[in-house]
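Residue-level listing of the chains:
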Amino acid sequence: MRNFEKIRRIVIKVGTNLLSSQSGIDRDRIRSIVRQIACLRQKGMEVMLVSSGAVGLGAKAIGHFTPVRHIPLKQACASIGQPMLMRVYEEEFAEYNLLCSQILITRSSLNNRTSYNNLRDSVGTLLDLGVIPIFNENDVVSTSEIGDVFGDNDRMSAYCASKMDAELLILL
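The structure displayed is predicted, hence computed values, not measured ones.

(A) Expanded view of the overall build of the protein. Of regular secondary structure, the protein possesses eight helices and five strands. Scaling as 2.2 N^0.38, a compact globule of 172 residues should have a C-alpha radius of gyration of about 16 Å, and the protein matches this with 16 Å. In terms of overall dimensions, the protein has a C-alpha envelope of 45 × 40 × 30 Å along the principal axes. Counting only residues that meet the buried cut, the protein has 47% of its 172 residues in that class. Counting contacts in the protein only where the partners sit at least 6 residues apart, residues at least 24 apart contribute 74% of the total. Accessible area of the protein: about 9200 Å², with a carbon and sulfur share of 49%. The average position of the 20 basic charges and that of the 18 acidic charges among the side chains of the protein differ by 3 Å.

Encoded structure:
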């Protein structure tokens, strides 16, 4: 059995299907995830969240209930869904007197040395302040990352865990 006692920094990735209901956001599920993150924070752990869901939530908001394949429509859905998603996270974290932040990144954000250093410094400061950084791909501007070739937050969460020195990555 693994020993998790020395784990200090965790990345948790939450997928679209976990956050979605028939009508849009599954607020009960987000509430449960946030409660568990709050418990980890109380134990002194630094938690970063990678959250999918913006495209799917945006699509449901405009009444589009089939998979979105057209790139400009995916971008529009991400633009609609991202603030909806963040609003729910903000409200749920506030119940535990926690702040969250939004970090929209692209693959180049992690691959470009200057951008990576800036991101790393920003995330470090947020964690020092006790803020929960919430990462998502910047789907609105990064067409290569929401197409069929790349664009999965499982891979992005692994990059984040590695680049932000997390000791544990949890994929939900």
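(B) Inspection of the packing of helix 2 (residues 27-42) against helix 4 (residues 71-94) at higher detail. Relative orientation of the contacting elements helix 2 and helix 4 amounts to 50°, with a least axis distance of 9 Å. With respect to each other, helix 2 and helix 4 are oriented oblique. Crossing of helix 2 against helix 4: the hand is right-handed. Residues Arg-27, Ile-30, Arg-31, Val-34 and Ile-37 of helix 2 pack against Leu-85, Val-88, Tyr-89, Glu-91, Glu-92 and Phe-93 of helix 4. Residue composition of the contact of helix 2 with helix 4, by class: seven nonpolar, no polar and four charged.

(C) Quick peek at the side chain of Arg-9. Relative to the helices and strands, Arg-9 resides in strand 1 (residues 9-14). Under the relative-accessibility criterion, Arg-9 is labelled buried at 15%. Among the polar contacts listed, one links the side chain of Arg-9 to the backbone oxygen of Met-164, at a separation of 2.7 Å. Non-local contacts of Arg-9, meaning those with residues more than four positions away in its chain, are made with Glu-46, Met-48, Leu-127, Met-164, Asp-165, Ala-166, Glu-167 and Leu-168.

Quick notes on the rules
- Residues numbered from 1 in each chain as written.
- Predicted model: local features only at pLDDT ≥ 70, side-chain atom pairs only at ≥ 80, totals over all residues.
- Heavy atoms only, no water.
- Helix = DSSP H or I, 4+ residues; strand = E, 2+ residues; numbered from the N terminus.
- Rg over C-alpha atoms; globule rule 2.2 N^0.38 Å.
- Buried < 20%, exposed > 50% of the residue type's maximum accessible area, 1.4 Å probe, protein only.
- Contact = heavy atoms within 4.5 Å.
- Areas by Shrake-Rupley, 256 points an atom, 1.4 Å probe, with all protein chains shown as cover.
- Lys, Arg positive; Asp, Glu negative; His and termini not counted.
- Charge placed at Lys NZ, Arg CZ, Asp CG, Glu CD.
- Axes fitted to C-alpha atoms, helices over the stretch in contact; angles between N-to-C directions.
- Parallel < 35°, antiparallel > 145°, perpendicular 65-115°, else oblique.
- Left-handed = near helix turned anticlockwise from the far one by under 90°.
- Nonpolar A, V, L, I, M, F, W, Y, C, P; charged D, E, K, R; others polar.
- Polar contact = N/O pair within 3.5 Å; in protein donor to acceptor, adjacent residues only side chain to side chain.

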